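A closer look at the structure
These are the residues of each chain, in order.
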Amino acid sequence: MSVLVAFASRYGATRQIAQHIGAVLTVAGHDVRVRPTTAVADLRDHEAVILGSSVYRGHWMEQATSFAEQHQTALAERPVWLFSSGLLGADEPPVDLDRLGALLDARGRQVFGGALVVRRLDLIDRVLRLKPARRRALRPGDYRDWAGIEDWAHQISADLIASTLA
Ligand SMILES: Cc1cc2nc3c(=O)[nH]c(=O)nc-3n(C[C@H](O)[C@H](O)[C@H](O)COP(=O)(O)O)c2cc1C
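Because the structure is predicted, anything quoted here is derived from the model rather than measured.

Overview of the environment of Met1
Mapped onto the fold, Met1 is located in the segment before strand 1 (2–8). Residue classification places Met1 among the partly exposed residues on the basis of a relative accessible area of 28%. Measuring from C-alpha to C-alpha, the distance between Met1 and Glu77 comes to 15 Å, with 76 residues separating the pair along the chain. Among residues more than four places away in sequence, those in contact with Met1 are His30, Asp31, Glu47, Ala48, Leu160 and Thr164.

In structure tokens:
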């Protein structure tokens, strides 16, 4: 099945998660494209979509929410899965995940740990990270659970194959 993995990523951590999901699905036999949301004009060539974004200040990146809203009709006609990646994890999922999950009737919503390398941040993000409310939660490090990401991608693959056979 042709699958689009569309992502929004500011510093590359979520891009690598998207690429990993894409690699698992490719090995499982699907025809996969991994693209930034800004590089996708329409969904004609894609039968299923996985959409992910990193989280900043409690929200998905604007380019991911606008992608979901702009392609709402086409997405609602396809099997869709959503994933978030951030440092606050499942205890504080971004508000957009539930809203967009309902809007698109998503088959699955997943929150993954992210990664933060301070020297890569632009000046504004460096300052925002140090705000007292965020400082403890936004500890630099790589919290991505590659095995969990692979498990999730395998579940999606199984679901896609089951839908094809049904
Ligand atoms: C200024 C700033 C604010 C952030 N706010 C959140 C947040 O509200 N929730 C969260 O889970 N992670 C938050 N993060 C962590 C990022 O989501 C995490 O580093 C993510 O993996 C970055 O992915 P990217 O490199 O693909 O953009 C924040 C990071 C920075 C620098």
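Back to the text.
Comments concerning the environment of Ala28
Among the secondary structure elements, Ala28 is positioned in the loop between helix 1 (13–27) and strand 2 (31–36). On a C-alpha basis, the gap between Ala28 and Trp81 in space is 17 Å, while along the polypeptide they are 53 residues apart.

Here's the deal with the packing of helix 1 against helix 7 (residues 146–165)
Running from N to C, helix 1 and helix 7 cross one another at 45 degrees; their axes reach a closest spacing of 9 Å. By the angle class used here, helix 1 and helix 7 are oblique. Considering how the two elements wind past one another, helix 1 and helix 7 form a crossing that is right-handed. Where helix 1 approaches helix 7, its residues Gln16, Ile17, His20, Ile21, Val24 and Leu25 are matched on the opposing element by Trp146, Ile149, Glu150, Trp152, Ala153, His154, Ile156 and Ser157.

Focus: the layout of surface pockets
Taken as a whole, the largest pocket spans an internal volume of roughly 680 Å³. The set of elements that each furnish at least two residues to the lining of the largest pocket consists of helix 1, strand 3 (48–56), strand 5 (80–86), strand 6 (108–113), strand 7 (115–116) and helix 5 (123–129).

A look at the site of the ligand
In the vicinity of the ligand lie 24 residues, with Ser9, Thr14, Val55, Tyr56 and Gly58 positioned nearest. Taking Leu88, its main chain carries an N or O atom lying 2.9 Å from an oxygen atom of the ligand. Here the ligand, which alone exposes 650 Å², has 98% of that area covered by the protein. More than half of the atoms of the ligand fall within 2 Å of the grid points belonging to the largest pocket. Those elements that provide at least two residues to the shell around the ligand are helix 1, strand 3, strand 5, strand 7 and helix 5. Taken together, the residues that form the shell around the ligand break down as 11 nonpolar, 8 polar and 5 charged.

What to know about the pairing of strand 2
In the sheet, strand 1 pairs with strand 2 via 6 bridges, with the strands oriented parallel. Pairing of Ser2 across the sheet is with Asp31, part of strand 2. The handedness of the strand 1 to strand 2 crossover, carried by helix 1, is right-handed.

Re helix 1
Given a rise of 1.5 Å per residue, 15 residues ought to cover 21 Å, and the 22 Å separating the end C-alpha atoms of helix 1 matches this to within 8%. For helix 1, the complete set of buried residues consists of Ala13, Thr14, Ile17, Ala18, Ile21, Gly22, Val24 and Leu25. Phi turns positive one or two residues past the end of helix 1, at Gly29, with a value near 105 degrees.

Some details on the pattern of salt bridges
As enumerated under the stated definition, the model contains 9 salt bridges in all. Glu69 is the salt-bridge partner of Arg99, the closest N and O atoms lying 3.0 Å from each other. Of this pair, Arg99 sits in helix 4 (residues 95–103) while Glu69 sits in helix 2 (residues 62–70); the two residues are 30 residues apart in sequence, bridging distant segments of the chain. Glu69 sits in the partly exposed class, given a relative accessible area of 38%. Glu77 is the partner of Arg78 in a salt bridge, and the nearest nitrogen-oxygen pair spans 3.9 Å. Where salt bridges share partners, they join Glu69, Asp96 and Arg99 into one cluster.

The rules behind these values
Residues numbered from 1 in each chain as written. Predicted model: local features only at pLDDT ≥ 70, side-chain atom pairs only at ≥ 80, totals over all residues. Heavy atoms only, no water. Helix = DSSP H or I, 4+ residues; strand = E, 2+ residues; numbered from the N terminus. Buried < 20%, exposed > 50% of the residue type's maximum accessible area, 1.4 Å probe, protein only. Contact = heavy atoms within 4.5 Å. Axes fitted to C-alpha atoms, helices over the stretch in contact; angles between N-to-C directions. Parallel < 35°, antiparallel > 145°, perpendicular 65-115°, else oblique. Left-handed = near helix turned anticlockwise from the far one by under 90°. 1 Å grid on protein atoms, 1.4 Å probe; cavity = no way out; pocket = protein on both sides within 12 Å on 5 of 7 lines; lining within 4 Å. Points joined across faces, edges and corners; volume = space filled by probe spheres on them. Near = heavy atom within 4 Å. Polar contact = N/O pair within 3.5 Å; in protein donor to acceptor, adjacent residues only side chain to side chain. Areas by Shrake-Rupley, 256 points an atom, 1.4 Å probe, with all protein chains shown as cover. Sits in = over half its atoms within 2 Å of the grid points. Nonpolar A, V, L, I, M, F, W, Y, C, P; charged D, E, K, R; others polar. Pairing = 2+ DSSP bridges. Right-handed = clockwise from strand over helix to strand, strands pointing away. Expected span 1.5 Å × (residues − 1). Salt bridge = Lys/Arg side-chain N within 4 Å of Asp/Glu carboxyl O.

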